[in-house]
Amino acid sequence: MRRLPLQAARVLVPGLYAWLVTVAMPAAHREAGWLPRVFAGLALIALVGGPLISAQNEQLGRRVGVFGFLGASLVTWIGLDAVLEVGRVDPLRAALGSVGWALFAFGWGSVREVGAVPEQDPHVLSGELLVARSVPPRGAAWILGLGMVGAVGLVVLAWRVDRPIHALLGHAVALVAAIAVVTVAAHIGALQGTPRRAAPARARLDRGARWLVLAALLLGFGAMLRALF
């Protein structure tokens, strides 16, 4: 029971913020029906009840607090189809709400208590100390950092698209491109300092052919949207 206030604070503070911004405020719109409002209330009950139930039954509390809250919120959003159209959603409110949801997810994660060492657990299996096979290559952290900065820049640029239909495509492309940039940066950073032989030009072109085709398709789709709208 002494862990309940800390667990509840980690979950309820970001969870209440995410519920208020992304669930309660849209459900309170004058065009919203009774069904979204009912499920918005159920989402709040699941959010608050999850940490309370987990004090007695951790598995049941986690199911209520995570799946119950998320499921009720999802039904609320489905019922708010007209209210949550792309052109009617405030971008800043949506971004802040997504941050609240991310912190809510981290709040349900378990962290090691101060002073607790996993190796001192009475049920731990004894064995030799595992030693890292190698150290990160020099400059790998800088390469990964540059990749993350570039990924954030792509996401920020997507918010500069004004037209709703174009903005939807822009955010989707920016998200995929950001993930690709971080992945490639991590791969390049991990390869630093390791001897490698350059592949033939034809092999390198074959590896990048599908990505070049995908980029061409996205450019063509964007040009079509711009011409139609």
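Residues numbered from 1 in each chain as written. Predicted model: local features only at pLDDT ≥ 70, side-chain atom pairs only at ≥ 80, totals over all residues. Heavy atoms only, no water.

Peer 1: Please explain the overall build of the protein as it appears in this structure.
Peer 2: On a plain count of helices and strands, the protein comes out with 7 helices and 0 strands. Tracing the protein from N to C terminus, the helices and strands come up as α-α-α-α-α-α-α. Here the protein holds 229 residues, and 23% of them are scored as buried. When contacts within the protein are restricted to residue pairs at least 6 apart in sequence, long-range pairs at least 24 apart make up 77% of them. Only carbon and sulfur atoms are counted for the fraction: they give 69% of the accessible area of the protein, which is about 16,700 Å². (Helix = DSSP H or I, 4+ residues; strand = E, 2+ residues; numbered from the N terminus. Buried < 20%, exposed > 50% of the residue type's maximum accessible area, 1.4 Å probe, protein only. Contact = heavy atoms within 4.5 Å. Areas by Shrake-Rupley, 256 points an atom, 1.4 Å probe, with all protein chains shown as cover.)

Peer 1: How should I be thinking about a nonpolar patch on the surface in this particular structure?
Peer 2: A cluster of nonpolar side chains, L16, V48, L52, I53 and L60, forms an exposed patch at the surface whose accessible area comes to about 380 Å². Its place among the elements puts L52 in helix 2 (residues 34–54). (Patch = residues over 30% accessible without salt bridge, like charges linked within 9 Å, V, L, I, M, F, W, Y side chains within 5 Å. Salt bridge = Lys/Arg side-chain N within 4 Å of Asp/Glu carboxyl O.)

Peer 1: Please clarify how the side chain of S54 should be interpreted in this entry.
Peer 2: Mapped onto the elements of the fold, S54 is located in helix 2. At 2.7 Å, the side chain of S54 forms a polar contact with the backbone oxygen of P51. (Polar contact = N/O pair within 3.5 Å; in protein donor to acceptor, adjacent residues only side chain to side chain.)

Peer 1: Honestly, the nonpolar core in this entry has me stumped. Any pointers?
Peer 2: Where a protein is soluble and globular, its nonpolar side chains tend to be buried together. Of all hydrophobic cores here, the largest spans 19 residues; its most connected members are W19, L47, F69, W101 and F104. Of all the secondary-structure elements, those providing two or more residues to this core are helix 1 (4–27), helix 2, helix 3 (58–79) and helix 4 (91–107). Looking at this core element by element, the count peaks at 8 residues for helix 1. Not counting residues up to four positions away in its chain, the partners in contact with W101 are A18, T22, V23, F69, L70, S73 and W77. (Core = buried A, V, L, I, M, F, W, Y, C linked by side-chain atoms within 4.5 Å.)

Peer 1: Would you take a moment to explain the environment of A140 for this structure?
Peer 2: The residue A140 is located in helix 5 (residues 140–158) in this model. Taking C-alpha positions, A140 is 7.6 Å from A186, a pair spaced 46 residues apart along the chain.

Peer 1: How should I be thinking about helix 5 in this particular structure?
Peer 2: In this model helix 5 runs 28 Å from its N-terminal to its C-terminal C-alpha over 19 residues, within 8% of the 27 Å that 1.5 Å per residue would give. Residues A140, G147, A151 and A158 constitute the buried set of helix 5. All buried residues of helix 5 fall inside an arc of 40° around its axis, so they share one side. The exposed set on the far side of helix 5, more than 90 degrees from its buried face, consists of A141, W142, L146, V149, V152 and L157. (Expected span 1.5 Å × (residues − 1). Arc of directions from axis to C-beta.)

Peer 1: I keep staring at the confidence of the model for the protein and nothing clicks. Help me out?
Peer 2: Detailed conclusions should not be drawn from predicted coordinates in areas where pLDDT is low. Residues at a pLDDT of 70 or more form 75% of the protein, whose mean pLDDT is 77. When pLDDT is averaged over each helix and strand of the protein, the minimum, 71, is found for helix 7 (residues 201–228) and the maximum, 89, for helix 2. (pLDDT = per-residue confidence, 0-100.)

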